[in-house]
Amino acid sequence: MHLLRLAAVFLCAYGTSALPTKQTLAERQSGSKIATSHFMLGIAGGYSASNWQEDINAAKDMGIDAFALNIAKASVDAFTPNQLALAYNTAQSLGFKMYISFDFAYYATDGSAVAEIVSYLQTYAAHPAALKHNGKSVVTTFIGDNFGSNWNSVRSQVSTPLEIIPNWQPNNVGNSAIDGAFSWVAWPNSNNNPVPGPMTTATDNAYLSALAGKTYMAPVSPWFFTHFDFSSWQKNWIFASDDLYVTRWNQILSLAPPLIQIVTWNDFGESSYIGPYNSGHSDDGSSQWANGFPHDAWRTLGKPFVTAYKTGASSPTVTDEKIVYWYRPHPKGLTCSDPLAKPNGWDYAQDKIFIATMLTSPAQLVVQSGSNGPITINVGAGIVLSSVDMAVGTQSFKIRRNNCDVISGNGGIPVAGSCQRYNFNAYVGELSPSGTCNTPPPPTTTTTTTTHAPPPPTTTPSSPSPTPTQGGVCNHGQGEGNFAGLCDFSCYFGYCPAGVCTCTSYGAPNQPPPSNGQNGVPLPGLGDGYAGLCSFACNHGYCPSTACQYA
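Residues numbered from 1 in each chain as written. Predicted model: local features only at pLDDT ≥ 70, side-chain atom pairs only at ≥ 80, totals over all residues. Heavy atoms only, no water.

### Looking at helix H3 (residues 114–124)
Moving on, step 1. Restricting attention to buried positions, one finds in H3 the residues Val114, Ile117, Val118, Tyr120, Leu121 and Tyr124. One side of H3 holds all its buried residues, which, seen down the axis, span an arc of 165°.
Moving on, step 2. On its buried side, H3 packs onto strand S2 (66–71), helix H2 (80–94), strand S3 (97–103), strand S5 (136–142), helix H4 (150–157) and strand S6 (162–165). (Buried < 20%, exposed > 50% of the residue type's maximum accessible area, 1.4 Å probe, protein only. Helix = DSSP H or I, 4+ residues; strand = E, 2+ residues; numbered from the N terminus. Arc of directions from axis to C-beta. Contact = heavy atoms within 4.5 Å.)

Here's what the structure looks like:
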């Protein structure tokens, strides 16, 4: 059994804190849009045709077009040739596509891997189930920058035209041997170190600038937590992921790249999965935090975003009402009887219950977390993300409209007040309308909180903006065009100037990164609206070169 994929280990080469940003999100890449998801073949050595059918049908239902099959060299995973054949043939029978992601944590970059790569591509680039873009068969990688011009040798020996889109650093993607690039920066981080967030589009802009018109494949991910204790090293950290999924989908709708890769379908070891936790995969030790923690409802939440992405819409449209919720199984401050320490970055996790309402018309969301009193939140139509403080015990959720509880139910697990092992994975569930009207009890005093929301939903563009709670500050916001990154960053940390930024959430303040002692100013020719934002953001380490410079 192959025990580990090293995906996040090499994120240090792609940290989000110091990349140039020379192209705005308004400069979209045109053409048809393709949604794919990263599939770890290394844990699927025992897959049967029925396992592949289950995964493919679930992906198709969400609107995903293809899996990027992450493979190690055959000397590491001897089952790879057989599973590739089974995957491609099953995909063909179901009208689905596949493409290969060569994992250069295992392939050598000195050219010795060319023969094996050519062998796979000669067979599968020509397969009827091969994913095509620009009329060519797509191939990608995990890392492998130093493979460089060896791709010219691969291309010359494969009879099917290839579109080569490796996961290389922005400063290497100008190489004429490749046709584009894929970014693995799907989580907030600084040189692979956890940071408070938020997720920004700085890396996307760096790739777009460096690619200069070549194909860009952008990443989307819902979560990241890993807690391995190996004999020689520990892989033990969490990236700030609480509101990441909705935040990132809205960034994707603004960016509109030609291809996206949802990272991942089945990497249970890094808790980034949206696929089913089925019996076909092998266990690399991640069952201790992934077994019993479904993420399937994130496919429900992602489906309208995929549709909006493919159709070029600026926001998703909801047709089936749902509540999708997620939360961790215990508060972050607990001390567990775990031989492995708390994951690095644990303090950036928020002790909150997150609820995405998917509604066709406005309603009230009522949430009760453990012993906390019920919280009532006015939510608009579309997809709206809200959060309430976490308390130990049962989590209950209701959608109330016209004095009727149209959706009502409890979370799948309680929040525990003690723990054996640290588990910073998310439990994700969903609730649907019951078909009956449950009249709520006579009203009692409730607390109205604000909505932690993405940009206004499609179906009700005039939905009211959130208002400050007593003692609350802005902790999330947005801006248009060149203001997008500045407002996203500054509003998250409480500075959200009206007129150029729109606050979308009020509540507890987020601690900004420490001051670097440097003052930022707008680029020459930009208006006064940039002055305060550049001063604040640059002073805290985010100084986008499209808008600001250090004084």
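Additional details are given in the paragraphs that follow.
### Here's the deal with the environment of threonine 109
Moving on, step 1. Mapped onto the elements, threonine 109 comes out in the loop between S3 and H3.
Moving on, step 2. A relative accessible area of 27% means that threonine 109 is categorised as partly exposed.
Moving on, step 3. The sequence separation of threonine 109 and glycine 148 amounts to 39 residues, and the corresponding C-alpha distance is 7.9 Å.
Moving on, step 4. Sequence-distant contacts of threonine 109, defined by excluding residues within four places in its chain, comprise Phe104, Gly144, Asn146, Phe147 and Asn150.

### Overview of the environment of threonine 201
Moving on, step 1. Among the structural elements, threonine 201 can be located in the loop between strand S9 (193–194) and helix H5 (202–211).
Moving on, step 2. Separated by 47 residues in the primary sequence, threonine 201 and arginine 248 place their C-alpha atoms 8.9 Å from one another.

### Considering the pattern of salt bridges
Moving on, step 1. Throughout the structure, instances matching the rule amount to 13 salt bridges.
Moving on, step 2. A salt bridge links arginine 401 to glutamate 321, with the nearest nitrogen and oxygen atoms 2.7 Å apart. Placement of arginine 401 in strand S19 (residues 395–401) and of glutamate 321 in the loop between helix H8 (297–311) and strand S14 (322–327) is noted, with a sequence separation of 80 residues between them. Each member of the pair, arginine 401 as well as glutamate 321, is classed as buried.
Moving on, step 3. Where lysine 322 meets glutamate 430, a salt bridge forms, and the shortest distance between an N and an O atom there is 3.2 Å. Here glutamate 430 lies in strand S21 (residues 427–431) and lysine 322 lies in strand S14, a separation of 108 residues in the sequence.
Moving on, step 4. One network of salt bridges, with partners in common, ties together Lys398, Arg400 and Asp405. (Salt bridge = Lys/Arg side-chain N within 4 Å of Asp/Glu carboxyl O.)

### Examining H8
Moving on, step 1. Across its 15 residues, H8 extends 22 Å between first and last C-alpha, which sits within 8% of the 21 Å expected from 1.5 Å per residue.
Moving on, step 2. Among the residues of H8, Ala297, Trp298, Arg299, Leu301, Gly302, Pro304, Phe305, Val306, Ala308 and Tyr309 are the ones counted as buried.
Moving on, step 3. Just downstream of H8 lies glycine 312, where phi reads positive at about 80°. (Expected span 1.5 Å × (residues − 1).)

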